[in-house]
Each structure stands twice: as structure tokens, then as C-alpha cells.
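Understanding the architecture of this molecule
What follows is the residue order along each chain.
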Amino acid sequence: MTLVVEETQTTAPQVSSENALAPWHIRVCAFAVDVLPAAAVATTMALVSFTVPPQGVWWWLSVCVLGIAILAMLVNRLLLPTVYGWSLGRALCGIAVRHRDGSVVGAWGLLLRDLAHLLDTVSVVGWLWPLWDSQRRTFADMLLRTDVRGSQPPRPDIIRRWTIIAVLTATGLCVAGGAVSYEVVYSRDQQTDQTRAEISIQGPKIVAQMLTYDPKTLSDDFKRAQSLATDNYRGPLKAQQDIVQKGNPVINEYWVTDGSIESASPDRATMLLFMQGRRGAAPQERYITATVRVNFVKDAGGHWLVDNLAVLTKPKPPGNGK
């Protein structure tokens with residue numbers, strides 16, 4: 001006994017006869033194949049560009065892929081029909097855009113037709129018009145005097161192969177874009193949380209060490225303070241130290257009583273610190289308070305340094321000063 005199994009193959013719906021007007025559902029299928037893969041990639045990459053750091057490697061890569069996706073869609077929709085007679089989706093569905101006299105529509109004509117589809121999109125009804133129009137035309141077809149008719153490509157197997165490649169490539173790019181966006185955002189959130197944890201502990205200590213000095217060890221204290229500052233803030237800090245050194249320096253000691261992190265990113269943070277301290281030695285010793293806003297920057301070695309220190313409330317005696 002011989003068992004005969006009929007081999008079936010999944011293909012896109014096609015027009016039943018050559019040069020027949022294309023049904024609405026077949027036109028929708030062709031349009032989806034031509035537009036949706038590239039549109040999905042472009043949309044995904046646009047979203048990725050908003051989530052990754054601007055002007056970074058991933059930002060430029062997402063913008064480039066977005067541009068390539070749009071360019072590929074334009075080449076497929078405008079140039080391939082001029083050269084080969086079909087776009088990928090139309091070839092898969094066995095249809096082609098033609099003038100009323102049956103001549104091929106050129107690239108500029110196809111561009112104008114796609115732009116005229118904006119009228120179909122705005123009205124919505126334009127896309128549905130072929131369902132009841134005797135010539136099965138959208139508003140764009142009416143304006144450009146075009147028809148969509150059956151036209152079988154010479155190598156359907158090659159068309160199916162390239163369609164599968166296009167869809168799989170678009171899917172892979174969308175998945176990769178989503179993974180990159182998730183990884184970058186998740187990683188950035190983790191690094192920001194780490195920044196907050198580090199600054200909440202190290203920030204008050206760094207500022208207290210920077211502002212504390214003793215006349216007996218003044219040179220070493222000032223060098224230590226400069227080592228805690230970035231190149232950007234080291235100059236202004238040294239200028240303040242020179243003023244202290246030329247005067248009559250006394251003991252200056254600070255400690256942080258409270259603090260609040262205003263903003264944080266993986267390599268930057270801003271902190272508001274409420275400080276108390278003492279200035280001078282007995283019997284001229286006096287206790288003081290001050291409020292400062294400090295910008296911290298992480299250097300290449302992973303150390304936090306002061307990039308700017310602004311005094312919001314100048315040192316004054318605690319309470320009412322009496």
C-alpha cells in the first residue's frame with residue numbers, strides 16, 4: 001500500500017487572474033509586507049534613541065538603523081517597482097500598480113501616490129473605499145489615476161525567500177532594540193541607585209574633610225582638601241585657601257548634621273548639606289552652622305570628587321547668635 005501525502009505550502013493570498021483588479025484584502029496584505037517591518041524597526045529605534053544616553057554609541061547606532069529602515073522602505077516602495085515591476089509585498093501577493101492604460105508607474109509617480117495616501121489616512125474612509133468602489137480604488141488611486149491589478153512575478157520562490165528574510169530581520173532588530181533599551185535603562189537605574197548609596201555615605205565625609213583645617217597642619221590639610229576636588233574646582237578652592245593662609249588662620253572644624261540628595265546619575269550627584277562646626281580655640285571658640293550645595297563627580301578611578309561647592313547660608317552662630 002502506498003500512502004500519498006499532499007504537500008502544502010503557506011503563501012500569501014494572490015489575485016486569481018492576470019490583470020484583474022486586486023481585491024481589498026490582497027492590497028492590505030501587500031501593504032503590510034511593504035511597510036510594517038520597516039515601520040516597526042523605525043518605531044523601535046526611535047524609542048531606543050529616547051531611552052539611551054544622547055549622542056552616545058547606542059544613540060548613534062539606533063539613529064543609523066532607523067535611517068536605514070526608512071531608506072529600505074523607500075527603495076522597496078519606489079525604486080524596485082520601477083526596475084523590476086513590483087515591490088516585495090506586491091510581488092508576494094501577485095499585484096502591481098499601473099496607470100489606467102496599463103503602463104508602469106515611475107518612481108516619482110509612486111512617491112506622489114504614497115503622499116496622496118495621507119488623504120486616505122486622514123479620512124480613514126479612503127483606505128476602505130476599494131471595498132465598494134467598482135474600480136477598487138483608494139482616494140490616492142483616483143488622484144493619480146492608477147489601478148492595482150494582478151501581475152505574477154517570474155520567480156515566486158525567490159520572492160517568498162526574500163520576504164521571510166525581511167520579516168525575520170525586522171523582528172530581530174526590534175527584539176535587539178528592545179533588549180538594548182531595557183539593558184541600558186535597567187543598568188542606568190542600577191548605577192544611579194549605587195550613586196545615591198555611595199554619596200549618602202561618602203558625600204558628608206568628603207565635604208567635612210575639605211572644610212576642616214588646623215593651623216598646626218594647615219599645609220597638609222589644604223593639600224588633602226585639594227585632592228578631594230576636581231580640576232574644575234581646585235582653582236577656586238586654592239584661591240579661598242590662599243586668603244585663609246594670608247590672614248590669621250584658626251581651627252576650623254565642620255561635621256554634617258543632615259543632608260539630602262537633590263539629583264543623581266551614574267557619574268554625577270548634587271547634595272544639600274546642613275552643617276555645624278566650631279571656629280577658633282578657647283576662650284575665643286565659637287560654634288557655627290552653614291548650609292551648602294555640593295556637586296560631586298566620579299573620576300576615572302571611581303572616586304567621588306567635589307566639582308563645585310556653593311554656600312547657601314554663610315557660617316553663623318547656632319540659634320539666635322546671642
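For clarity, every value in this text was computed on a predicted model and none was experimentally measured. (Residues numbered from 1 in each chain as written. Predicted model: local features only at pLDDT ≥ 70, side-chain atom pairs only at ≥ 80, totals over all residues. Heavy atoms only, no water.)

1. Things to note about empty space enclosed by the protein
Applying the stated criterion across every chain, the model contains one cavity of 30 Å³ or more. In this structure, the largest cavity occupies an estimated 40 Å³ of space. Lining the largest cavity, in full, are Pro81, Gly85, Arg90, Ala96, Val97, Arg98, Val104, Val105 and Leu110. Residues belonging to the lining of the largest cavity are distributed by class as follows: six nonpolar, one polar and two charged. (1 Å grid on protein atoms, 1.4 Å probe; cavity = no way out; pocket = protein on both sides within 12 Å on 5 of 7 lines; lining within 4 Å. Points joined across faces, edges and corners; volume = space filled by probe spheres on them. Nonpolar A, V, L, I, M, F, W, Y, C, P; charged D, E, K, R; others polar.)

2. Quick look at the side chain of Thr212
Within the fold, Thr212 resides in the loop between helix H7 (156-211) and helix H8 (218-227). One polar contact links the side chain of Thr212 to the main-chain amide nitrogen of Tyr254, over a distance of 3.1 Å. Dropping the residues within four chain positions of it, Thr212 is found in contact with Asp221, Arg224, Asn252, Glu253 and Tyr254. (Helix = DSSP H or I, 4+ residues; strand = E, 2+ residues; numbered from the N terminus. Polar contact = N/O pair within 3.5 Å; in protein donor to acceptor, adjacent residues only side chain to side chain. Contact = heavy atoms within 4.5 Å.)

3. Digging into unusual backbone geometry
Residue Gln55 is not a glycine yet carries a positive backbone phi of 65 degrees. Topologically, Gln55 is positioned in the loop between helix H1 (24-51) and helix H2 (57-83). Judged by relative accessible area, Gln55 falls into the exposed class, the value being 51%. You will see that Val124, though not glycine, has its phi angle at about 65 degrees, which is positive. Among the structural elements, Val124 can be located in the loop between helix H4 (107-123) and helix H5 (125-128). (Buried < 20%, exposed > 50% of the residue type's maximum accessible area, 1.4 Å probe, protein only.)

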